[in-house]
Amino acid sequence: MSRIVALDTETTGLSHKQGHRIIEIGAVEMIDGRITGRQFHTFLQPQRRVDPFAQRVHGISDAMLVGKPLFSNKAVELLEFLRGSELVAHNATFDVGFLDHELRLAGHTVTLAHHCRVTCSLKIAQQRWPGQPNKLDDLLRRLGIPSNRGLHGALKDAHLLAQVIPHLR
């Protein structure tokens, strides 16, 4: 049995090294190439303002995050959901970098890679279609997967990525 979790995050900005934080996590479980319906989704209180450029990408405002849980309150639940899976993210360096940073801030001493195997679908796509644009929207168009994506959203994008993954295998 092959268990894959397609994952995406939305953040307050482009770099955790500049203090940006995760504000949404979406993860979709697949077993043997099929979406199971089991998922992990949460919005998070980042304890900082959302950068206006980032808000234009995902549409998540500071007001929408009032009262949402801190990452530290959702970390164990997320790790349990991911445990033993192959985590697939489009540009995994970005998502895993943010997640590992959040784990450190929450007091965890191990990285995401200790809980699951990480695969970058962007790197696979770049090898499969070298010299072509390989953003998620490009893959959806290339593979004929309808998206009506509009604004980015972690759970929505994780679902779209889950539809792309079988085409990358």
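Preceding block: the structure.
A brief structural summary. (Residues numbered from 1 in each chain as written. Predicted model: local features only at pLDDT ≥ 70, side-chain atom pairs only at ≥ 80, totals over all residues. Heavy atoms only, no water.)

Quick look at the overall build of the chain now. Within the chain, the regular secondary structure consists of 6 helices and 5 strands. Put simply, the chain runs from its N terminus to its C terminus through helices and strands in the order β-β-β-α-α-β-α-β-α-α-α. For 169 residues, the compact-globule estimate of 2.2 N^0.38 gives 15 Å, and the chain sits close to it at 15 Å. Here the chain holds 169 residues, and 50% of them are scored as buried. Residue pairs in contact within the chain that sit at least 24 positions apart in sequence constitute 68% of those at least 6 positions apart. (Helix = DSSP H or I, 4+ residues; strand = E, 2+ residues; numbered from the N terminus. Rg over C-alpha atoms; globule rule 2.2 N^0.38 Å. Buried < 20%, exposed > 50% of the residue type's maximum accessible area, 1.4 Å probe, protein only. Contact = heavy atoms within 4.5 Å.)

By definition, a disulfide links the sulfur atoms of two cysteine residues through a covalent bond. Taken as a whole and judged by the stated rule, the model has 0 disulfides. Of all cysteine sulfurs, the one in Cys-120 lies closest to Cys-116, which takes part in no disulfide; the gap is 14 Å. When its relative accessible area of 6% is taken as the criterion, Cys-116 is described as buried. Among the residues examined, Cys-120 registers a relative accessible area of 13% and is labelled buried. (Disulfide = S-S within 2.5 Å.)

Okay, the packing of aromatic side chains next. By the definition in use, this model includes 2 aromatic pairs. Between Phe-94 and Phe-98, the aromatic rings sit 4.9 Å apart at their centres with planes inclined by 55°, giving tilted as the arrangement. One end of the pair is Phe-94 and the other is Phe-98, both in helix H3 (residues 92–105) and 4 residues apart, which spans about a single turn. Given a relative accessible area of 25%, Phe-94 falls into the partly exposed group. Cation over ring: Arg-3 sits above Phe-81, and NZ or CZ is 5.5 Å from the ring centre. (Phe/Tyr/Trp six-rings, centres within 6.5 Å; stacked < 30°, edge-to-face > 60°. Lys NZ or Arg CZ within 6 Å of the ring centre and 35° of its normal.)

Our next topic: the pairing of strand S3 (residues 34–43). Pairing analysis gives 7 bridges linking strand S2 (residues 22–31) to S3, with the strands arranged antiparallel. Across the sheet, residue Met-30 finds its bridge partner in S3, namely Ile-35. Where S2 folds back onto S3 in an antiparallel hairpin, the turn is made up of 2 residues, including Asp-32, whose phi is positive at roughly 50°. (Pairing = 2+ DSSP bridges.)

Let us now look at unusual backbone geometry. In this structure, Asp-32 takes a positive phi of about 50° despite not being glycine. For Asp-32, a relative accessible area of 51% translates into the label exposed. Within the chain, Asn-148 stands out as a residue other than glycine whose phi angle is a positive 45°. Within the secondary structure, Asn-148 sits in the loop between helix H5 (136–143) and helix H6 (154–168).

Our next topic: helix H4 (residues 121–128). Looking at H4, one finds that the buried residues are Ser-121, Leu-122 and Ala-125. Taken around the axis of H4, the buried residues stretch over an arc of 100°, which confines them to a single face. For H4, the elements touching its buried residues are strand S4 (86–89), strand S5 (117–120), H5 and H6. (Arc of directions from axis to C-beta.)

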